[in-house]
Amino acid sequence: RLHNRPRKKIMVGRRPYYYDDDGDTVLMDGDDEGITSSEAEARQRDRKQQRTCSVLILLVTFFVSLIFATFKYYARPNVVYPEDDGQWDIWGNGLRAEQNRVRLNETLTYLIDNNISDGELLVSINDTEALSPQYMAAMWMATIDQARLAIPTSENAQSTAYPFLQRYSLVIFFIATGGLDYWLYTTFFMSGMHECNWWDLFSVEGAPPDVGFVFGVVCDQEPDGMQDSGAWEKARVVTHLILPPSNGLRGTLPQELHQLRYMKGLQIQMQPGITGTIPSQYGSFKYLSNLVLSYNSLEGGMDFASTLTSLEQLNLEHNHLSGDSIEGGLDFIMQLTNLTNLSLEYNPNITGTIPSFISNLVNLEILALSNNGMHGQLPLAMKDLHSLHSLLLDDNQFSGSVDVLQSLTNLTYVYLEDNRFNDTIDDKFFWNQTSLRHLDLSNNTFRGDIRSIGHLFNLSNLQVLDLSSNQLTGSLPSLNVAIDSNLEHLSLHSNNITGQIPNLNALRNLTHLDLSLNQFTGELPSSIGQLEKLNYLFAGRNNLTGGLIPSWLQNLTDLSELSLKRSSLSGTIPEWLGDMTNLYFLDLGENELRSTLPESFGNLTKLWVLILNKNKLNGTTGVLNPLLDLETLLIDDNTFSGDADAICTRSDTIKFFVADCASDAGIEAEIDCECCTLCCRDENTTCNDQEWLGNHEGIWENSYSRWQWDFGAAGTVSPMIDERI
């Protein structure tokens, strides 16, 4: 009867049981189903003993692991070791420390005895002074480096010296140039890996996304017949050291780097924190073919390079290096007959003339001496540079003729601007340079009739032609140019060119056209309106007949800079001008424009410079309130009225603001202006009488484009340029 009672299910240790009224329990399921509680208790005691044993085994394993980890920790090499030999040495660390002390002493002895580094830099100094990079490198090599290379001795030097010195010199370079504190990318320097693995892969702006560039240490490839990978790894030698640009390096270049005697390429650029001189020991790189130390802050001479006879590229531009060719400061290039690229530009202390032994460099393809302090005439010896395709001599004081260049038929990029050349152009002027892409002769004293160089417009590869600021005369020839002309930049401003402006519609790729400050007559040809790629058009300060603002301008939707200053324009400013919303610079000053400003002017929100002075405009300036980016606003010598408070309040970018805001002797100002930099009155004809001219310089370093407008004290607009240029 009792067994017929319902069974009550309970949980014991997450296993289901049931019980009878006699108090004995029976398991309901599992492997033990059907046994009594007494039997189950016996089994539980056995299992408890088994668990206890397991826990004990785990605890023993844990403590053994802890002891092993502790031993491994204290046995690691240390930078600083206790001087008290009587300290407890529970884990045997003293043996390792003693080994490290011996290794350090052997390392220092080797480096000093073999004149690898200055002995004064390899001494331990007191705590108040910083350790030298040489001592830190020696200490790291001897005690911390996981590689633990063998210290060279007289017995094993032949097999151990170079691997040791290769790693040592790279460690010094890393420490001496701020690698421990300032490098943005360490490229695995001072890691436990072989130094040939101290590199990383980078993507470079402008390159395809799937293309990576290696920066860091580059070594030779696997030697032929070397089957043992371990032996091959140890035998590898450094051939290139290429640092990422703008990587934060600072300090001086260590002379020890010359120990990398198999070096073929050294590139350290755009590191303004790198100062001091280039070590003379770098002249021992007999295999070096590529040396780029540009955009740094290096100084001193360059004589170290005289023995680098394998050099093909020598780029030391944008530093503070010095050398006067007249005093032998450039004699070092005399023996570098394998050079294809010699770039010394932007070193103002490089002076003198171009030496005649330049003819020794028969393989030269690039000669860059821009923005130095050089002068004199081009030597006749340059006629032998038949491989030359890029000649950069701008911003010096060179003078005389350029006839010597006529025989260099491979010339492609020629920059001679901002010098004192005073040659006469004729129909043979650069007539044989059919590969020309850029020809910039601006700001010199070239003379002659511009019609004699009409052949330049027929050069199919020509992209840039800048003849501005010279003394050219005559009328611009009719352009019999093929429809596939590649000319993009044409600047003829500041000459004495006369006659009418010819049809220009064949120059369909023009983006920059500057015809200002000449003696052109007639009207602006409507063919300019077909040059739909134009973003720069300056045509003012001529003798044009004027009239209404040409309606074809509205076809030039990409136009960002427009100057029609003093072009005898009359009538009103058309409403469609406000639809040219890409304009940054608009100069309609010194014309006869009248009436009010169109409401559409409020759409020109990109404007930085707006020049409307010396016209007959009236009304209020409220339409200009939305122009928040204005930096220069000239509206004086008009009859505007009201106030400019909204402009002053809403724009915090205004640098130059000139208006008729002067009051005197009871005569009220025409316009109220609290932020004007100059207030004029109509009666004062000399107020703001300086020329506010757009800077016409299209410098090749900026690809003939601007960064930003800024006005100088004389009213001349100058582009704000990257400080490195």
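All of these numbers come straight from a predicted model, not from anything done at the bench.

A. The packing of helix α3 (residues 133-144) against helix α4 (residues 157-176), seen in detail. For the pair α3 and α4, the least separation of the axes is 9 Å and the interaxial angle reads 130°. Here α3 is positioned oblique relative to α4, judged by the angle of their axes. Considering how the two elements wind past one another, α3 and α4 form a crossing that is right-handed. Between α3 and α4, the residues in contact are P133, Q134, M136, A137, A138, W140 and M141 and F164, R167, Y168, V171, I172, I175 and A176, respectively. Residues of the contact of α3 with α4, tallied by class, amount to twelve nonpolar, one polar and one charged.

B. Here's a closer look at the state of the cysteines. Counted by the stated rule, this structure contains five disulfides. Disulfide partner of C648: C675, at an S-S distance of 2.0 Å. Torsion about the S-S bond of the C648 and C675 cystine: about -80°, corresponding to left-handed handedness. With C648 in helix α6 (residues 645-650) and C675 in the loop between β42 (671-672) and β43 (678-679), the pair connects residues that are 27 residues apart, well separated along the chain. Residue class for C675 comes out partly exposed when judged on its relative accessible area of 26%. Here C661 connects covalently by a disulfide to C679, the sulfurs 1.9 Å from one another. Residues C661 and C679 are joined through a disulfide that is left-handed, its torsion about the S-S bond being -100°. Placement of C661 in the loop between β41 (656-659) and β42 and of C679 in strand β43 is noted, with a sequence separation of 18 residues between them. Its relative accessible area of 31% is what places C679 among the partly exposed residues. Ordering the disulfide-forming cysteines of the protein by sequence position, one finds them joined as 1-2, 3-6, 4-8, 5-7, 9-10.

Criteria and thresholds
Residues numbered from 1 in each chain as written. Predicted model: local features only at pLDDT ≥ 70, side-chain atom pairs only at ≥ 80, totals over all residues. Heavy atoms only, no water. Axes fitted to C-alpha atoms, helices over the stretch in contact; angles between N-to-C directions. Helix = DSSP H or I, 4+ residues; strand = E, 2+ residues; numbered from the N terminus. Parallel < 35°, antiparallel > 145°, perpendicular 65-115°, else oblique. Left-handed = near helix turned anticlockwise from the far one by under 90°. Contact = heavy atoms within 4.5 Å. Nonpolar A, V, L, I, M, F, W, Y, C, P; charged D, E, K, R; others polar. Disulfide = S-S within 2.5 Å. Buried < 20%, exposed > 50% of the residue type's maximum accessible area, 1.4 Å probe, protein only.

Everything listed here is a matter of coordinates, which is why it stays silent on function.
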